[in-house]
Amino acid sequence: MKRTLITLLSIISVAESAVITSVEGNVFLVNPTENPNINPVINIQRPIQISNEEVVDIAESEDKKLDMVITWDADEEEIYDFYDAPNWDFSQSDSLELDRDSAITNILTITDALILEDSPSYSNIEIGDGFSVTLKSTSLTFQNNNGFTGVNDNDDVVSTLNIFEGSDMDAMFSAIGLEINVDSTSSLTLRGAGDSINSQTERSIVNLSPNAKLTLSSLDQFAVQGSDIYLNGVSFSQNPSILKFNGTTGTAIPEINFVLFSAIPIILLLGNKKRHP
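Here is what the cut-offs are and how they apply
- Counting starts from 1 at the beginning of each chain's written sequence and moves along it residue by residue.
- Since the coordinates come from a predicted model, pLDDT governs what is reported: local features require at least 70, and pairs of side-chain atoms require 80 or more to be given and counted, while whole-chain, interface and lining totals use all residues.
- Values reported for side chains reflect all heavy atoms of the structure, with hydrogen atoms and water molecules removed beforehand.
- A strand pair is defined by DSSP finding two or more bridges across the two strands.
- Numbering of helices and strands runs from the N terminus; a helix is a DSSP stretch of H or I covering at least four residues, while a strand is a stretch of E covering at least two.
- In this analysis, axes come from line fits to C-alpha atoms, helices being fitted only over the stretch in contact, and the angle between any two N-to-C directions falls in the range 0 to 180 degrees.
- In plain words, nonpolar cores are sets of buried Ala, Val, Leu, Ile, Met, Phe, Trp, Tyr and Cys residues tied together by side-chain atoms within 4.5 Å.
- Each residue's exposure class comes from its accessible area (1.4 Å probe, protein chains only) as a fraction of the maximum for that residue type: buried when under 20%, exposed when over 50%, partly exposed otherwise.
- In this analysis, two residues are considered to be in contact whenever any of their non-hydrogen atoms come within 4.5 Å of each other.
- A pair is scored as a salt bridge if a Lys or Arg side-chain nitrogen falls within 4 Å of a carboxyl oxygen belonging to Asp or Glu.
- Without a salt bridge and with relative accessible area above 30%, a residue can belong to a patch; like charges are then joined within 9 Å and nonpolar side chains (Val, Leu, Ile, Met, Phe, Trp, Tyr) within 5 Å.
- Accessible surface is estimated by sampling points in the Shrake-Rupley manner with a 1.4 Å probe; for residues, cover comes only from the protein chains shown.
- When charges are counted, Lys and Arg are positive and Asp and Glu negative, with His and the chain ends excluded.
- Taken as the charge centre is NZ of Lys, CZ of Arg, CG of Asp or CD of Glu, depending on the residue.

Caption draft 1: Focus on the sheet that holds strand β9 (residues 139–142). Strand order in the open sheet made by the seven strands is β6-β9-β12-β15-β18-β22-β21, with mixed pairing throughout. Across the chains shown, the open sheet's two edge strands, defined by having one partner strand only, are β6 (114–117) and β21 (243–246). Going across the sheet, the axis of each strand differs from the next one's by a mean of 15 degrees, ignoring polarity. Where strand β12 (residues 168–171) and strand β15 (residues 187–190) come together, four bridges link them in parallel fashion. Among the inter-strand pairings, A171 is bridged to a residue of β15, identified as L190.

The structure is reproduced here in structure tokens:
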């Protein structure tokens, strides 16, 4: 009994500084990152529950040369053309413009911006394999039937969209191997009525940090898209309780719920052992 009690105290001690979660019978211990707003599972790898055949190492984006980094540099309060060259700082890049007819092959960071993108419907903004777009303190709305996508090719390397630091994005859909990471201060709206997290060509997913918000066109869409929505590596299809709802907006639950959920069976087990020596 003494050894069992020590084990329990050790588990509780670990639980105070980490997240314990279970995926398909396997227990995972997830240590917090330096930034508590960012889901520790993200960093920009695919969720841990995807099979080995589907896991793709996209660390390639971290190896891109610094001369491919482009940052936002717009003075206007409202921007309607994402591609407009004066809105960008190309000083750390070999590029002089963003080609609206080609995929983005740069690492883009947009900070403190209001973008009301008005490109024609289904023109989309493509992010190249292994590259990323990061929004920080930014509001981006696609006014027409548009959104970010990955690239339709034979390569399963994902493209990444990060929505961080109080940002929000409103789009019709995401598609073609796009991984969207939403931190705890930010929100994502995908207003398409059907398959708005589109994986028909290549797998697309949404990673939510605790307290991140995701809005879809209806509650039914959460059931349809559930296998592509994750919190700490657990999909909505696996555990619908990872989201709490207000209308058609789901908010990812705090991490502590996972700890309590994992500790309860252990406490009950100890109680049973005490009653039945």
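On we go from here.
Caption draft 2: Examining the nonpolar core more closely. Residues F82, F148 and M169 are the most contacted members of the largest nonpolar core, which totals 47 residues. Excluding its chain neighbours within four sequence positions, the residues that come into contact with F148 are F82, I125, I127, V133, L140, F142, L161, M169, F173, S174, A175 and L178.

Caption draft 3: Highlighting the pattern of salt bridges. Taken as a whole and assessed by the stated rule, the structure comprises three salt bridges. Close ionic contact of R100 with D81 constitutes a salt bridge, the shortest N to O distance being 2.9 Å. Residue R100 is found in the loop between β4 (88–89) and β5 (107–111), and its partner D81 is found in the loop between β3 (69–72) and β4; the two are separated by 19 residues along the sequence. The class for R100 is partly exposed, based on a relative accessible area of 44%. Overall, the relative accessible area of 25% leaves D81 in the partly exposed class.

Caption draft 4: Geometry of the sheet that holds β5. The strand order β4-β3-β5-β8-β11-β14-β17-β19-β20 describes an open sheet built from nine strands, whose pairing is mixed. Every interior strand has two partners, whereas the edge strands, β4 and β20 (234–235), have only one. Of the strand pairs in this sheet, strand β19 (residues 229–231) and β20 are connected by two bridges, and their pairing is antiparallel. Residue Y230 lies in a different strand from β20, and its bridge partner there is S235.

Caption draft 5: Representation of a negative patch on the surface. On the surface, a cluster of negative charge is made up of D73, D75, E76 and D84. Relative to the assigned elements, D75 resides in the loop between β3 and β4. Its relative accessible area of 75% is what places D75 among the exposed residues.

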